[in-house]
Amino acid sequence: MNYSEIVNKTIVFVKKKLENAEGGHDWFHIERVYKNALSIAENEVCDDTVVKLAALLHDIADSKFHNGDETVGPEIAREFLLINEVEEATIQHVIKIIENISFKGGNTKKEFYSIELDIVQDADRLDAIGAIGIARAFNYGGFKNRPLYNPNIAPKLHMSKEEYKNSKAPTLNHFYEKLLLLKDKMNTETGKQIAKERHQFMMNFLSQFYAEWDGEK
């Protein structure tokens, strides 16, 4: 089997599948995660093929856009990989990564471990923080018609998976409920190093946001 050919087919498939996706979960998000994953993988001993396929397919059908159904993405990914005659062990590993990559409120116990999951999860989390993370958060908030900020609605920490999925809080709350928590949840040393700078960028943004909100700047 020519794995480079499979990867190229996967790129074509994902681009087509996500051509009308919400801006924070479109092909460009996948491409950024893919590039992040390749950079992190350079410093790890891992299965490059699993990393590439999982990074490309990790958001093929985000449950947020399928009524919370977390089975759609793995099913689409499995069907695609089967059609392209990827070996079963690789398929199973990729599916496990897709099933375990998301934040889900940050309180879900991790039940699957692999360096490949660590790499792709870090790559995905890096795209959720920093300048692009800020842009994605407000883009999704606008998509869901959420207010930018409401000082009367406090962030809700330690949410259950269901509470997190069903939250309709202002976008700024999402920084405290997820984005600012990601720096300390990174798995790899490369991910941790990159996350520090992006985390600080978000902190600076929040300081500026509150100053402007209060008319101080």
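Residues numbered from 1 in each chain as written. Predicted model: local features only at pLDDT ≥ 70, side-chain atom pairs only at ≥ 80, totals over all residues. Heavy atoms only, no water.

> Please clarify how the environment of asparagine 2 should be interpreted in this entry.
Structurally, asparagine 2 can be placed in the segment before helix 1 (3-17). Sequence separation between asparagine 2 and valine 86 is 84 residues; the distance between their C-alpha atoms is 9.6 Å. Separated by 2.6 Å, the side chains of asparagine 2 and serine 4 make a polar contact. Of the polar contacts made by the side chain of asparagine 2, one reaches the backbone nitrogen of glutamate 5; its length is 3.2 Å. (Helix = DSSP H or I, 4+ residues; strand = E, 2+ residues; numbered from the N terminus. Polar contact = N/O pair within 3.5 Å; in protein donor to acceptor, adjacent residues only side chain to side chain.)

> Looking at this model, I keep getting lost on the pattern of salt bridges. Mind explaining?
Pairs can form between side chains of opposite charge whenever their charged atoms are close. Following the criterion strictly, the structure yields 7 salt bridges and no others. In this structure, lysine 183 and aspartate 184 form a salt bridge, with 3.1 Å as the shortest nitrogen-oxygen distance. The class for lysine 183 is partly exposed, based on a relative accessible area of 26%. Judged by relative accessible area, aspartate 184 falls into the exposed class, the value being 64%. (Salt bridge = Lys/Arg side-chain N within 4 Å of Asp/Glu carboxyl O. Buried < 20%, exposed > 50% of the residue type's maximum accessible area, 1.4 Å probe, protein only.)

> What's the story with the confidence of the model for the chain in this structure? I'm lost.
Interpretation of this model should avoid reading the predicted coordinates in detail wherever pLDDT is low. In the predicted model, the chain carries a mean pLDDT of 91, and 92% of its residues have values of at least 70. Across the chain, the element-wise mean pLDDT spans from 74 in helix 8 (residues 161-166) up to 98 in helix 10 (residues 189-213). (pLDDT = per-residue confidence, 0-100.)

> Got a minute to help me understand the side chain of glutamate 116 in this structure?
Along the polypeptide, glutamate 116 turns up in helix 6 (residues 115-126). In this structure the side chain of glutamate 116 is engaged in a polar contact, spanning 2.8 Å, whose partner is the backbone nitrogen of aspartate 47. When sequence neighbours within four positions are dropped, the list of residues in contact with glutamate 116 reads Cys46, Asp47, Val50, Val51, His93 and Ile97. (Contact = heavy atoms within 4.5 Å.)

> Help me understand unusual backbone geometry, please; the structure alone is not making it clear to me.
Comment: phi is negative for the bulk of residues other than glycine, and the bulk of peptide bonds are trans. One non-glycine residue with positive phi stands out, namely glutamate 85, at about 60 degrees. Of note, the phi angle at asparagine 145 is positive, near 60 degrees, even though the residue is not glycine. Examined against the element boundaries, asparagine 145 turns out to sit in the loop between helix 7 (130-143) and helix 8.

> Would you explain the packing of aromatic side chains in this entry?
Here a ring pair, both rings aromatic, is described through the centre-centre distance and the interplanar angle of the planes. For the coordinates displayed, the defined rule picks out 11 aromatic pairs. Look at tyrosine 149 and phenylalanine 209: their rings are 5.8 Å apart centre to centre, the planes differ by 80 degrees, and that puts the pair in the edge-to-face class. In this pair, tyrosine 149 sits in the loop between helix 7 and helix 8 while phenylalanine 209 sits in helix 10, placing the two residues 60 residues apart along the sequence. The interplanar angle of 75 degrees and the centroid separation of 4.8 Å between the aromatic rings of tyrosine 149 and tryptophan 213 together place this pair among those described as edge-to-face. You can see tyrosine 149 sitting in the loop between helix 7 and helix 8 and its partner tryptophan 213 sitting in helix 10, a full 64 residues away along the chain. Residue classification places tryptophan 213 among the partly exposed positions, given a relative accessible area of 44%. Taken together, the aromatic side chains of Phe138, Tyr149, Phe175, Phe205, Phe209, Tyr210 and Trp213 make up a single cluster linked through ring pairs. (Phe/Tyr/Trp six-rings, centres within 6.5 Å; stacked < 30°, edge-to-face > 60°.)

> For this particular structure, what's the right way to read helix 3 (residues 48-57)?
Residues that lie three or four places apart on an α-helix share one face, since the helix turns once every 3.6 residues. For helix 3, the buried fraction is high: 8 of the 10 residues fall into the buried class. Among all positions in helix 3, only Thr49, Val50, Val51, Leu53, Ala54, Ala55, Leu56 and Leu57 are buried. Looking at the packing, one finds that the buried side of helix 3 touches helix 1, helix 2 (27-41), helix 4 (72-83), helix 5 (88-100) and helix 6.

> Could you clarify how one ought to interpret the packing of helix 7 against helix 10 in this entry?
Packed helices, taken two at a time, are described by the angle their axes make and the gap between the axes. One can describe the packing of helix 7 onto helix 10 by two numbers: an axis separation of 7 Å at closest approach and a directional angle of 55 degrees. The orientation of helix 7 with respect to helix 10, classified from their angle, is oblique. Contacts between helix 7 and helix 10 involve Gly130, Ala131, Ile134 and Phe138 on the former and, on the latter, Arg198, Phe201, Met202 and Phe205. Looking at the contact of helix 7 with helix 10 residue by residue, the classes come out as 6 nonpolar, 1 polar and 1 charged. (Axes fitted to C-alpha atoms, helices over the stretch in contact; angles between N-to-C directions. Parallel < 35°, antiparallel > 145°, perpendicular 65-115°, else oblique. Nonpolar A, V, L, I, M, F, W, Y, C, P; charged D, E, K, R; others polar.)

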